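Fold and contact review
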Amino acid sequence: DAKTTQPNSMESNEEEPVHLPCNHSTISGTDYIHWYRQLPSQGPEYVIHGLTSNVNNRMASLAIAEDRKSSTLILHRATLRDAAVYYCILRDRDNYGQNFVFGPGTRLSVLP
Amino acid sequence: NAGVMQNPRHLVRRRGQEARLRCSPMKGHSHVYWYRQLPEEGLKFMVYLQKENIIDESGMPKERFSAEFPKEGPSILRIQQVVRGDSAAYFCASSPVGKGNYGYTFGSGTRLTVV
């Protein structure tokens, strides 16, 4: 399985944008890039996913490098509620039955 | 449209008892995944089930743990003769299809404490 690398932790100020990086140099052509987050004492929550093009939704934006070897999750205005562990995970579109493998993720702290 | 429902939210068991954790997937989802999160650790995959079938149980301990997803009713994760090391948060997720371009929806988890 292709692996991802994320910084262990990041800090942001409230109401400022946050860019969470993820490296996946061994990504295959059919791997989707998924982002989840886990707030304290809660289950993981889907954030966004994409294949090649940049994606936007109400929670965040996903910027995917042209060579797909890295991606960045963008929170446009961080709030205190965005403090969580963010996971970047690859999952093969064509691999039926493959489960999500969660790494340690990036722990985001948001300062008031 | 209810999300993934897990119950109970909290479960306390004495060493040697059995723990039964239930997961009702989202409506229309036929794929269920169980994960375990030990205190201060990451999420570890345990088992992946479809209705009446275990697809992948590579993350499940070989003894005392079992899982099922019957034709009718919720998925059940069963832990027999619990030990203190089983104390953890157990999360269930569901998806409509098993392919990698679909995401999961997670439940809020069951926090098991073994005393």
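That block above? That's the structure.
A short tour of the structure in this document, coming up. (Residues numbered from 1 in each chain as written. Chains lettered and ligands numbered in written order. Predicted model: local features only at pLDDT ≥ 70, side-chain atom pairs only at ≥ 80, totals over all residues. Heavy atoms only, no water.)

Quick look at the overall build of chain B now. Of regular secondary structure, chain B possesses zero helices and 11 strands. Starting at the N terminus and walking to the C terminus, you meet the elements of chain B as β-β-β-β-β-β-β-β-β-β-β. Put simply, chain B has 115 residues, and 46% of those count as buried. In chain B, once contacts between residues fewer than 6 apart in sequence are set aside, the share between residues at least 24 apart is 53%. For chain B, the exposed area adds up to about 5800 Å²; of that, 45% sits on carbon and sulfur atoms. In chain B, 17 positive and 10 negative side-chain charges are present, and the distance between their average locations comes to 5 Å. (Helix = DSSP H or I, 4+ residues; strand = E, 2+ residues; numbered from the N terminus. Buried < 20%, exposed > 50% of the residue type's maximum accessible area, 1.4 Å probe, protein only. Contact = heavy atoms within 4.5 Å. Areas by Shrake-Rupley, 256 points an atom, 1.4 Å probe, with all protein chains shown as cover. Lys, Arg positive; Asp, Glu negative; His and termini not counted. Charge placed at Lys NZ, Arg CZ, Asp CG, Glu CD.)

All names here are of chain A. An order of S2-S7-S6-S5 is seen for the four strands of this open sheet, with the pairing classed as antiparallel. One side of each edge strand has no neighbouring strand; the edge strands of this open sheet are strand S2 (18-23) and strand S5 (55-56). Alignment of S2 against strand S7 (residues 70-75), held across six bridges, turns out to be antiparallel. The residue bridging Val 18 from the neighbouring strand is Leu 75, located in S7. (Pairing = 2+ DSSP bridges.)

Moving on: the pairing of S7 of chain A. Remark: a regular strand shows side chains that alternate across the two faces of the sheet. Residues and elements named next belong to chain A. Pairing geometry for strand S6 (residues 61-64) and S7, over four bridges, is antiparallel. Following the sheet pairing, Ile 64 is matched in S7 by Ser 71. Here S6 hands over to S7 after five residues, with Arg 68 in that stretch at a positive phi of 65°.

Quick look at the environment of Arg 14 of chain B now. Among the structural elements, Arg 14 of chain B can be located in the loop between strand S2 (10-13) and strand S3 (19-24). Look past the residues within four positions of Arg 14 of chain B in its chain and what remains in contact with it is Val 82, Val 114 and Val 115 of chain B.

What follows is about the pattern of salt bridges. Going through the model one piece at a time under the given rule, you end up with six salt bridges over all chains. Note that Asp 82 of chain A and Arg 37 of chain A form a salt bridge whose closest N and O atoms lie 2.8 Å from each other. One end of the pair, Asp 82 of chain A, is in the loop between S7 and strand S8 (84-92); the other, Arg 37 of chain A, is in strand S3 (residues 31-38), and 45 residues separate them in sequence. Look at Asp 82 of chain A and you get buried, because its relative accessible area is 11%. One salt bridge in this structure joins Glu 18 of chain B and Arg 20 of chain B, with 2.9 Å as the shortest N-O distance. Within the structure, one salt-bridge network assembled from shared partners comprises Arg 37, Glu 45 and Asp 82 of chain A. (Salt bridge = Lys/Arg side-chain N within 4 Å of Asp/Glu carboxyl O.)

Attention now goes to the interface of chain A and chain B. In this assembly, 21 residues from chain A lie in contact with 21 residues from chain B. When chain A packs against chain B, the two sides together hide about 1800 Å² of surface, and 51% of this comes from carbon and sulfur. Our count for the chain A to chain B interface comes out at zero salt bridges. Joining chain A to chain B, the criterion identifies six residue pairs in polar contact (both at pLDDT 80 or more). For the side of chain A that touches chain B, the secondary structure elements donating two or more residues are S3, strand S4 (45-50) and S8 of chain A. Here the element with the most residues in the side of chain A that touches chain B is S3 of chain A; it accounts for four residues. Of the residues belonging to the side of chain A that touches chain B, the class tally is eight nonpolar, 10 polar and three charged. (Buried area = accessible area lost by both parts, 1.4 Å probe. Polar contact = N/O pair within 3.5 Å; in protein donor to acceptor, adjacent residues only side chain to side chain. Nonpolar A, V, L, I, M, F, W, Y, C, P; charged D, E, K, R; others polar.)

With that settled, the discussion passes to the nonpolar core. With 23 residues, the main nonpolar core has Trp 34, Met 46, Leu 77 and Tyr 90 of chain B as its most contacted residues. At the level of elements, S3, strand S4 (31-37), strand S5 (43-50), strand S7 (65-68), strand S8 (75-79), strand S9 (88-95) and strand S11 (110-114) of chain B are the ones that each hand at least two residues to this core. Core analysis: the next-biggest nonpolar cluster, separate from the first, contains 21 residues, Val 18, Leu 75, Tyr 86 and Leu 90 of chain A among them. (Core = buried A, V, L, I, M, F, W, Y, C linked by side-chain atoms within 4.5 Å.)

Okay, the sheet that holds strand S1 (residues 5-7) of chain B next. Residues and elements named next belong to chain B. Judged by pairing direction, the sheet is antiparallel, and its four strands sit side by side in the order S1-S3-S8-S7 without closing on themselves. Because the sheet does not close on itself, it has two edges, and the strands there are S1 and S7. Each strand of the sheet is rotated relative to its neighbour by a mean of 15°, with strand direction disregarded. As defined by bridge partners, S3 adjoins S8 across five bridges and the pair is classed as antiparallel. The residue bridging Leu 21 from the neighbouring strand is Leu 77, located in S8. (Axes fitted to C-alpha atoms, helices over the stretch in contact; angles between N-to-C directions.)

As far as function goes, none of this settles anything; it's purely spatial.
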